[in-house]
Amino acid sequence: MFKREEWGLFLLIFLIPLFLAGAGYKVGRRDVLKITIWNHPELSVESRVNTEGKIQLPLLGEVKVEGLTCEEIRDILTEKYRKDFIKDPQIFVSVKEFN
């Protein structure tokens, strides 16, 4: 079982970021995003938001994400990949590091 200190650390590391992401957290500069594209591991990346609010992605290049939620980013990436590269992209976006 967890000790009291371990529970606090668990909450801080795992649950608070999940709560923030679920509460409409808007991505900011220096955050690290994990982009997973199902069945396309070569396109799945972790990318830090640069000082211009953009991330670098395979095939797409730079994409502006600052100020958007993970769901909004997912929708934008789905459209961009669907337009020219993948018939029915299944994309998952999460914040790996908050800054």
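(A) Inspection of helix H2 (residues 70-84) at higher detail. In this model, H2 (15 residues) spans 22 Å end to end at C-alpha, consistent with the 21 Å of a helix rising 1.5 Å per residue. Looking only at H2, the buried set comprises Cys 70, Ile 73, Leu 77, Thr 78 and Tyr 81. Summarising the axial view, the buried residues of H2 lie within an arc of 135°, below the 170-degree limit, and thus occupy one face. Elements that come into contact with the buried residues of H2 comprise strand S1 (32-37), strand S3 (54-57), strand S4 (61-64) and strand S5 (91-97).

(B) Just the environment of Arg 29, in detail. In this structure, Arg 29 sits in the loop between helix H1 (4-22) and S1. Relative accessible area serves as the criterion here: at 43%, Arg 29 is assigned to the partly exposed category. Placed 38 residues apart in sequence, Arg 29 and Gly 67 show a C-alpha to C-alpha distance of 8.9 Å. At a separation of 3.2 Å, a polar atom in the side chain of Arg 29 contacts the side chain of Glu 66.

(C) How the structure looks around the pairing of strand S2 (residues 45-48). Of the two faces of S2, the one lined by Val 45 and Ser 47 is fully buried and the one lined by Glu 46 and Arg 48 carries no buried residue. Pairing between S1 and S2: four bridges, direction antiparallel. Across the sheet, residue Ile 35 finds its bridge partner in S2, namely Val 45.

Reading guide: rules and limits
Residues numbered from 1 in each chain as written. Predicted model: local features only at pLDDT ≥ 70, side-chain atom pairs only at ≥ 80, totals over all residues. Heavy atoms only, no water. Helix = DSSP H or I, 4+ residues; strand = E, 2+ residues; numbered from the N terminus. Expected span 1.5 Å × (residues − 1). Buried < 20%, exposed > 50% of the residue type's maximum accessible area, 1.4 Å probe, protein only. Arc of directions from axis to C-beta. Contact = heavy atoms within 4.5 Å. Polar contact = N/O pair within 3.5 Å; in protein donor to acceptor, adjacent residues only side chain to side chain. Pairing = 2+ DSSP bridges.

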